[in-house]
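Understanding the architecture of this molecule
What follows is each chain in one-letter form.
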Amino acid sequence: MEIVALDEYLGNIKVDFVKMDIQGSEFAALKGMEKMIENNPKIKILLEYSPLCLEESGVNLKIFLNYLNSLNLSMNVLWEDKPMQPVTNEWLLQNCGVKKKNSHLNLFLQNIEEPYKPKIMICSRCVSDTTISDIVFNQEGVCQFCLMHDLMAKKYPLDERSDRELEALVQKIKASGKNKRYDCVIGVSGGTDSTYMIYVAVKAGLRPLAVHFDNGWNSEIAVRNIQNATKALNVDLETVVADWEEFKDLQIAFLKASVSDAEIPTDVAIHGVLHDVAAKEGIKYVFFGHSFRNEGIVPVSWTYMEGKYVNSIHKKFGHKKITSFPNITLWTLFYYRVIKGIQCIPFVNYFKYDKLKVKKLLEEALGWRYYGGHHHESLYTKFFQSYYLPKKFNIDKRILEYSAFIRTGLMSREEALRELNAPYPYEEDAVDYVLGKLGLSREEFNQIMSAPRKSFHDYPTYYPLLRFLKPFIYVGFKLGFVPEIIYFKYFYKT
Ligand SMILES: [Zn+2]
């Protein structure tokens with residue numbers, strides 16, 4: 001067979017890309033194209049790196065890799081299932097070869113001046129990535145949400161201290177409920193977290209009043225879960241039903257505003273209703289079910305939430321007059337916190353909570369049933385998380401949940417990355433159902449989906465005021481008036 005160097009055969013031509021699959025003859029081929037590489041600084045070369053084939057061709061791996069370095073090209077592994085990864089000689093010698101993790105790899109060489117920039121950067125500890133626009137990483141590549149988690153875990157440790165702290169908290173709440181019908185208000189949605197919270201509260205000897213905000217989107221399972229759990233635990237239940245026409249108008253307004261915070265009318269209303277019931281009943285404690293260990297910390301860029309924002313979106317895109325929506329504005333917050341003296345308690349942070357075991361326990365003890373996805377107890381949330389956010393905003397909320405699980409050791413990072421490789425599963429029926437119930441035509445919905453993305457910065461909110469009040473909020477946080485999770489979410493490292 002006649003062998004000729006590429007430099008001789010092709011002469012001085014312009015080359016952008018070279019792909020070779022030549023079973024161990026790469027060293028010789030590269031040597032024959034040195035001029036080509038030199039004359040084409042933007043050249044990209046894809047070759048198979050197979051230690052077995054190279055060695056069978058009499059090539060010393062270390063010498064070959066040193067030679068690749070001398071070409072002044074950056075070395076990257078092109079994976080089938082994950083972003084391209086820059087690698088070193090040492091890494092290749094350790095990770096690729098006979099009886100190693102990889103018998104061969106696709107190596108992608110390109111100009112060192114334009115190193116491969118992955119589109120997505122992922123936290124080295126969890127799976128939070130640059131789809132979160134306000135994510136920052138420290139020198140070790142760890143995101144701020146992992147660091148916030150560590151601070152929260154320090155504040156709410158789960159060891160012998162936590163049992164004592166939980167006991168002290170329960171005693172304090174019981175004392176405040178003396179001669180009253182209830183000790184605390186607990187919001188229930190039919191989901192795992194809130195159901196378990198009420199279970200633990202009752203087992204600890206508290207007399208909670210369960211409050212449910214029905215925004216019209218409950219799944220049947222959720223309704224049954226709430227009824228079964230409160231009945232089994234002998235807890236009174238108060239259900240506050242939203243004025244559907246009003247609530248629908250708000251939900252459509254948020255969709256038309258083209259913001260990723262489109263689920264906050266529900267979240268704000270839940271807070272509003274819980275505080276309103278507590279104020280009327282003279283109850284001093286409202287438990288909230290958010291668990292930093294199980295749900296993580298929601299980035300501000302994904303969900304910003306407060307009453308002025310709700311009002312300004314409604315003013316711009318709503319049609320109906322809002323009269324009964326239980327909004328939380330600075331004034332209502334002042335009324336509940338200062339005048340009524342109601343405190344919010346992150347109750348779930350005080351006890352150990354293995355979500356898988358808890359699901360089993362709730363099924364057995366309370367006749368509770370799982371509904372197939374985080375917060376899918378609401379049909380709107382299911383549509384929102386599985387379709388609206390991923391398709392319009394490239395937001396995959398599983399990232400937050402899986403990241404939280406990784407930090408608490410309930411899931412491995414590899415497992416989470418594998419799961420996230422598949423898109424968020426959704427059901428077309430769920431989309432049809434939501435459009436039908438909101439009375440939106442496909443055409444209107446397509447307009448919503450294709451409208452340019454906006455954020456809360458595009459609308460009047462309390463945000464500038466919050467930034468201005470930061471020193472006072474810091475004092476409130478230090479004195480325990482501002483929950484840590486809220487303080488960290490809005491002010492950590494900014
Ligand atoms: Zn992280």
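Residues numbered from 1 in each chain as written. Predicted model: local features only at pLDDT ≥ 70, side-chain atom pairs only at ≥ 80, totals over all residues.

As a further point, take the overall build of the chain. Along its length, the chain carries 24 helices and 10 strands. Here the C-alpha coordinates of the chain stretch approximately 100 × 55 × 45 Å along the principal axes. In the chain, buried positions account for 35% of the 494 residues. Sequence separation of 24 or more characterises 76% of the internal contacts of the chain that already satisfy a separation of 6 or more. (Helix = DSSP H or I, 4+ residues; strand = E, 2+ residues; numbered from the N terminus. Buried ≥ 20, exposed ≤ 12 C-beta atoms within 10 Å, placed from the backbone. Contact = placed C-beta atoms within 7 Å.)

On domain assignment, one finds that the chain holds domain 1 (6–111) and domain 2 (156–395 + 427–461). Relative placement of domain 1 and domain 2: their C-alpha centres are 54 Å apart. (Domains from an automatic or database assignment.)

Core analysis: the biggest nonpolar cluster contains 69 residues, and Cys184, Val185, Ile186, Ile198, Val286 and Phe287 have the highest contact counts within it. The greatest single-element share of this core, amounting to eight residues, is contributed by helix H12 (residues 264–281). If we skip the residues at most four places from it in the chain, isoleucine 186 touches Ser194, Met197, Ile198, Ala201, Pro208, Ala210 and Phe287. Core analysis: the next-biggest nonpolar cluster, separate from the first, contains 20 residues, Met33, Phe64, Leu65 and Leu92 among them. (Core = buried A, V, L, I, M, F, W, Y, C linked by C-beta atoms within 7 Å.)

Pairing is mixed in the open sheet, where five strands are placed in the order S1-S2-S5-S3-S4. A single partner strand is all that each edge strand has here, and the edge strands are strand S1 (17–20) and strand S4 (85–86). Bridge analysis of strand S3 (residues 73–77) against S4 gives two bridges, and the strand direction is antiparallel. Opposite valine 77, over in S4, you have glutamine 85 as the bridge partner. (Pairing = 2+ DSSP bridges.)

A word on the packing of helix H11 (residues 244–256) against helix H14 (residues 307–317). Where H11 meets H14, the closest approach of the two axes is 9 Å, and the angle between their N-to-C directions is 85°. Accordingly, the angle class assigned to the pair H11 and H14 is roughly perpendicular. On H14, the residues that touch Leu250, Ala253, Phe254 and Lys256 of H11 are Ile313, His314 and Phe317. Grouping the constituent residues of the contact of H11 with H14 by class yields five nonpolar, one polar and one charged. (Axes fitted to C-alpha atoms, helices over the stretch in contact; angles between N-to-C directions. Parallel < 35°, antiparallel > 145°, perpendicular 65-115°, else oblique. Nonpolar A, V, L, I, M, F, W, Y, C, P; charged D, E, K, R; others polar.)

What follows deals with the sheet that holds strand S10 (residues 343–345). The pairing of strands in a sheet comes from backbone hydrogen bonds and takes either a parallel or an antiparallel form. With parallel pairing, the five strands of this open sheet are ordered in space as S8-S7-S6-S9-S10. The strands lining the two open edges of the sheet, one partner per strand, are strand S8 (236–241) and S10. Strand-to-strand twist of the sheet, defined as the mean angle between neighbouring strand axes without regard to direction, takes the value 30°. The strands touched by helix H9 (residues 192–203) within the sheet are strand S6 (184–187), strand S7 (208–214) and strand S9 (285–287), with S6 carrying the most contacts at an inclination of about 155°.

Their axes nearest at 10 Å, the elements helix H23 (residues 470–479) and helix H24 (residues 484–491) cross at an angle of 150°. It follows from the interaxial angle that H23 and H24 lie roughly antiparallel. Between H23 and H24 lies a crossing whose hand is left-handed. On H24, the residues that touch Lys470, Ile473 and Phe477 of H23 are Glu484, Tyr487 and Phe491. Class assignment for the residues of the contact of H23 with H24 results in four nonpolar, no polar and two charged. (Left-handed = near helix turned anticlockwise from the far one by under 90°.)

Take the pairing of S8 next. Pairing of S7 with S8, which is carried by six bridges, proceeds in the parallel orientation. Residue histidine 212 lies in a different strand from S8, and its bridge partner there is threonine 239. This β-α-β element, S7 to helix H10 (residues 220–233) to S8, shows right-handed connectivity. (Right-handed = clockwise from strand over helix to strand, strands pointing away.)

The backbone phi angle of asparagine 179 is positive, close to 65°, even though this residue is not glycine. Here asparagine 179 shows up in the loop between helix H8 (160–176) and S6. Of note in the backbone geometry, asparagine 394 takes a positive phi value of approximately 55° without being a glycine. In this fold, asparagine 394 is placed in the loop between helix H17 (379–393) and helix H18 (398–407).

The subject of this paragraph is H11. Spanning 13 residues, H11 covers 18 Å between terminal C-alpha atoms, matching the ideal 18 Å at 1.5 Å per step. Buried residues in H11 make contact with H12, H14, helix H20 (428–438) and helix H21 (442–450). (Expected span 1.5 Å × (residues − 1).)

What follows is about the environment of leucine 410. One can find leucine 410 in the loop between H18 and helix H19 (413–421). For leucine 410, a count of 17 C-beta atoms within 10 Å translates into the label partly exposed. When the C-alpha atoms of leucine 410 and leucine 356 are compared, they prove to be 9.2 Å apart, with 54 residues separating the residues in sequence. Residues in contact with leucine 410, not counting those within four places in the same chain, are Asp354, Lys355 and Phe405.

Glancing now at the confidence of the model for the chain. Looking at the chain as a whole, its pLDDT mean stands at 90, while 97% of the residues score no less than 70. When the elements of the chain are averaged for pLDDT, H24 gives the smallest value, 79, and H11 the largest, 97. (pLDDT = per-residue confidence, 0-100.)

The two faces of S6 match: Cys184 and Ile186 on one face and Val185 and Gly187 on the other face are all buried. Sheet topology note: the S6/S7 ladder contains four bridges and is parallel. Bridge pairing links cysteine 184 to proline 208 in S7.

Residue position: alanine 222 is located in helix H10. A residue is classified by how many C-beta atoms lie within 10 Å of it, and alanine 222, with 23 of them, is buried. Spatially, the C-alpha atom of alanine 222 lies 4.4 Å from that of glycine 190, the residues being 32 residues apart in sequence. Excluding residues within four positions of it along the chain, alanine 222 makes contact with Ser189, Gly190, Tyr371, Glu377 and Ser378.

So, on to the environment of lysine 203. Residue placement: lysine 203 occurs in helix H9. C-alpha separation for the pair lysine 203 and serine 441, spaced 238 residues apart in sequence, amounts to 48 Å.

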